[in-house]
Amino acid sequence: DAGITQSPRYKITETGRQVTLMCHQTWSHSYMFWYRQDLGHGLRLIYYSAAADITDKGEVPDGYVVSRSKTENFPLTLESATRSQTSVYFCASHSNLEGNEQFFGPGTRLTVL
Amino acid sequence: AQSVAQPEDQVNVAEGNPLTVKCTYSVSGNPYLFWYVQYPNRGLQFLLKYITGDNLVKGSYGFEAEFNKSQTSFHLKKPSALVSDSALYFCAVSSTDSWGKLQFGAGTQVVVTP
């Protein structure tokens, strides 16, 4: 199906473990984004990518790593998970047309114990 | 730097009454303004956007928003609220200087009572 998907939808892990959240889009959008949603903060940008092999930090990048070897995939890795990374994570994408809205995935709810 | 303020954590309205959700912003460059809605356990859905042109923007589900440059506001409105409009609403801004990167407000919970 066309669209943007995220996996897993729910994940429970322990402090110190590595976790990778997957994001896949079928539109061939150039731009992809990772946000985290926390109560009282809205959505905060973690990392974004303008194209394959081009990534840059957003507002809250510490503790996260991204890669983009293919246009359609944009995985987010927590190298050593901490409790403060318990959150809902959203992936989004948009085309390279200026002013276009972003399309969001369904989110991944991550709990770090 | 860009920022968005949604001054109300929650808006309560009776079904059939007008609904307004407030948003003010600060950007360098010309703003691109967006409204998104989030239902429980769902991702964000795009409602409408202002890029340029007419200050009154119409969007999905009967929503509209008015861009006011002098007041740096982009309030979301609906003339007659429905119970199904109960959700979390986010205002977001990007600009010609930060193209593609959205800054979100903290969100406003809308509760529509029958």
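Here the structure is shown first, and the text comes after it.
Basis of the calculations
Residues numbered from 1 in each chain as written. Chains lettered and ligands numbered in written order. Predicted model: local features only at pLDDT ≥ 70, side-chain atom pairs only at ≥ 80, totals over all residues. Heavy atoms only, no water. Helix = DSSP H or I, 4+ residues; strand = E, 2+ residues; numbered from the N terminus. Rg over C-alpha atoms; globule rule 2.2 N^0.38 Å. Buried < 20%, exposed > 50% of the residue type's maximum accessible area, 1.4 Å probe, protein only. Areas by Shrake-Rupley, 256 points an atom, 1.4 Å probe, with all protein chains shown as cover. Disulfide = S-S within 2.5 Å. Pairing = 2+ DSSP bridges. Core = buried A, V, L, I, M, F, W, Y, C linked by side-chain atoms within 4.5 Å. Contact = heavy atoms within 4.5 Å. Buried area = accessible area lost by both parts, 1.4 Å probe. Salt bridge = Lys/Arg side-chain N within 4 Å of Asp/Glu carboxyl O. Polar contact = N/O pair within 3.5 Å; in protein donor to acceptor, adjacent residues only side chain to side chain. Axes fitted to C-alpha atoms, helices over the stretch in contact; angles between N-to-C directions.

A.B. asks: In this structure, what is going on with the overall build of chain A? I would like to understand it.
C.D. replies: From N to C terminus, chain A includes zero helices and 11 strands. Taking 13 Å as the expected radius of gyration for a compact globule of 113 residues, we find that chain A reaches 13 Å, a close match to that expectation. Counting across all 113 residues of chain A, residues that qualify as buried make up 49%. A total accessible area of about 5,500 Å² is found for chain A, and carbon and sulfur atoms account for 48% of it.

A.B. asks: Explain the state of the cysteines here, please?
C.D. replies: Throughout this description, disulfide means a covalent bond between two cysteine sulfur atoms. All names here are of chain A. Across all of its chains, the model carries two disulfides over all chains by this definition. At a sulfur-sulfur separation of 1.8 Å, the disulfide partner of cysteine 23 is cysteine 91. Negative torsions about the S-S bond denote left-handed disulfides, and the value of about -75° found for cysteine 23 with cysteine 91 makes this one left-handed. Here cysteine 23, found in strand β3 (residues 19-25), pairs with cysteine 91, found in strand β9 (residues 87-94); they are 68 residues apart in sequence, far enough to count as distant.

A.B. asks: It is not clear to me how the pairing of strand β12 (residues 108-113) of chain B should be interpreted in this structure. Could you clarify?
C.D. replies: Every regular strand shows the same layout, with side chains that alternate between the two sheet faces. Residue and element names in this part refer to chain B. Along β12, the buried face is formed by Thr108, Val110 and Val112; none of Gln109, Val111 and Thr113, which line the opposite face, is buried. As defined by bridge partners, strand β2 (residues 10-14) adjoins β12 across five bridges and the pair is classed as parallel. In the strand pairing of β12, valine 11 is matched with valine 110. Relative to β12, strand β10 (residues 87-95) runs antiparallel, the two being bridged by three bridges. Across the sheet, the residue bridging to alanine 87 is valine 110, located in β12.

A.B. asks: I'm lost on the nonpolar core in this one. Help?
C.D. replies: One broad trend across soluble globular proteins is that nonpolar side chains are buried collectively. Judged by nonpolar contacts, the single largest core of 26 residues is most densely connected at Leu19, Trp35, Leu47, Leu48, Phe74, Leu76 and Tyr89 of chain B. If you list the elements that add at least two residues to this core, you get β2, β3 (19-21), β5 (31-38), β6 (44-50), β8 (64-68), β9 (73-78), β10 and β12 of chain B. The element best represented in this core is β10 of chain B, accounting for four residues. For tyrosine 89 of chain B, the residues in contact, after removing those within four places along its chain, are Gln6, Trp35, Tyr36, Val37, Leu47, Phe63, Leu76, Gly107, Thr108 and Val110 of chain B. If you look at the next biggest cluster of nonpolar residues, it comprises 19 residues, including Tyr31 and Ala92 of chain A together with Phe90 and Leu102 of chain B.

A.B. asks: Is there a simple way to explain the interface of chain A and chain B in this structure?
C.D. replies: Interfaces are frequently sized by the accessible area removed from exposure as the parts join. Taken together, the contact pairs 26 residues of chain A with 22 residues of chain B. The junction of chain A with chain B conceals about 1,800 Å² of combined surface from both sides, 55% of it contributed by carbon and sulfur atoms. Where chain A touches chain B, the interface holds one salt bridge. For glutamate 101 of chain A, the salt bridge identified is with lysine 49 of chain B, shortest N-O distance 2.9 Å. Along the contact surface separating chain A from chain B lie three residue pairs in polar contact (both at pLDDT 80 or more). Taken together, the elements giving at least two residues each to the side of chain A that touches chain B come down to β4 (31-38), β5 (42-51) and β9 of chain A.

A.B. asks: For this particular structure, what's the right way to read the side chain of arginine 44 of chain A?
C.D. replies: Residues and elements named next belong to chain A. Position of arginine 44 relative to the elements: it lies in strand β5. Taking relative accessible area as the criterion, arginine 44 reaches 18% and is therefore assigned buried. A polar side-chain atom of arginine 44 sits 3.0 Å from a polar atom in the side chain of aspartate 38. In contact with arginine 44, not counting residues within four places along its chain, are Trp34, Tyr35, Arg36, Asp38, Glu59 and Val60.

A.B. asks: For this particular structure, what's the right way to read the sheet that holds β3 of chain A?
C.D. replies: To summarise the sheet geometry, strands pair through backbone hydrogen bonds and adopt either a parallel or an antiparallel arrangement. Residue and element names in this part refer to chain A. With antiparallel pairing, the four strands of this open sheet are ordered in space as β1-β3-β8-β7. For this open sheet the edge positions go to β1 (4-7) and β7 (64-66), each flanked by a neighbour on one side alone. The sheet shows a mean angle of 20° between the axes of neighbouring strands, direction not considered. Across four bridges, β1 lies against β3 in antiparallel orientation. Residue pairing for β3: isoleucine 4 is matched across the bridge by glutamine 25.

On their own, these measurements won't tell you what the molecule is for.
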